[in-house]
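Residues per chain, in single letters:
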Amino acid sequence: RRIQKVNLGSDKNQNFHITHPLHPMLSRAYKTLEPHFINDVLPEEGHGLLATQASWIKVLVTLPKAADPVSRKLKEKWERSKDNTTPHQKWTELKSQLDNFIGKGNKNSKVPKNVSNTDRLRIEHW
């Protein structure tokens with residue numbers, strides 16, 4: 001088991017360390033809490049985390065620097081006037097794009113050559 005320093009997007013979290021792979025208890029907690037996150041935090045009726053342009057831009061800014069191509073692609077898509085994706089759809093798309101970017105979940109996808117293992121872990125644990 002390795003311990004990896006992960007930047008979670010703010011200066012307060014610069015020294016946060018997380019093991020890779022995730023501890024089984026953390027994996028179970030994620031699976032339990034994500035549906036509540038989707039229903040209670042993402043929509044406008046909740047905290048509105050991905051409900052408005054201002055809020056999803058704040059989320060995209062927290063992505064690790066190595067994930068800038070994903071951030072740009074989603075920003076372009078979500079800014080289109082024809083885009084009417086829900087916060088839940090945005091969350092699913094964001095996770096899917098990040099997984100594809102780091103080559104996780106799709107055996108045919110390749111991690112870009114300029115993405116280091118450290119950056120890949122940062123994206124994976126974001």
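All values derive from a computational prediction rather than experimental measurement.

Chemist: Could you give me a rundown of the side chain of Glu34, with the residues and numbers involved?
Modeler: Positionally, Glu34 belongs in helix H1 (residues 24-40). Looking at Glu34, the relative accessible area reads 15%, which means it is buried. When sequence neighbours within four positions are dropped, the list of residues in contact with Glu34 reads Trp91 and Lys95.

Chemist: Talk me through the pattern of salt bridges; I want residue IDs and the actual numbers.
Modeler: Counted under the stated rule, the structure contains seven salt bridges. Across the pair Glu93 and Lys77 runs a salt bridge, and its minimum N-O distance is 3.6 Å. With a gap of 16 residues between them, Glu93 in helix H4 (residues 87-101) and Lys77 in helix H3 (residues 68-79) connect regions that are remote in the sequence. In this structure, the salt-bridge partner of Glu124 is Arg120, at a minimum N-O distance of 3.0 Å. In this pair, Glu124 and Arg120 both sit in helix H5 (residues 117-125), four residues apart, roughly one turn of the helix. What makes Arg120 partly exposed here is its relative accessible area of 23%. It is possible to trace a salt-bridge network through shared partners that takes in Lys77, Asp83, Lys90 and Glu93.

Chemist: How would you sum up the packing of aromatic side chains? Please name residues and give values.
Modeler: Two descriptors summarise a pair of aromatic rings, namely the distance from one centre to the other and the angle between the planes of the rings. Taken as a whole, this structure holds two aromatic pairs when the rule is applied. Note on Trp56 and Trp78: the rings are 5.4 Å apart at their centroids and 75° apart in plane angle, and the pair reads as edge-to-face. With Trp56 in helix H2 (residues 53-61) and Trp78 in helix H3, this residue pair connects regions lying 22 residues apart in the sequence. Per residue, the accessibility class of Trp56 equals that of Trp78, and both read buried.

Calculation rules
- Residues numbered from 1 in each chain as written.
- Predicted model: local features only at pLDDT ≥ 70, side-chain atom pairs only at ≥ 80, totals over all residues.
- Heavy atoms only, no water.
- Helix = DSSP H or I, 4+ residues; strand = E, 2+ residues; numbered from the N terminus.
- Buried < 20%, exposed > 50% of the residue type's maximum accessible area, 1.4 Å probe, protein only.
- Contact = heavy atoms within 4.5 Å.
- Salt bridge = Lys/Arg side-chain N within 4 Å of Asp/Glu carboxyl O.
- Phe/Tyr/Trp six-rings, centres within 6.5 Å; stacked < 30°, edge-to-face > 60°.

Keep in mind that these numbers describe shape and distance, not what the molecule does.
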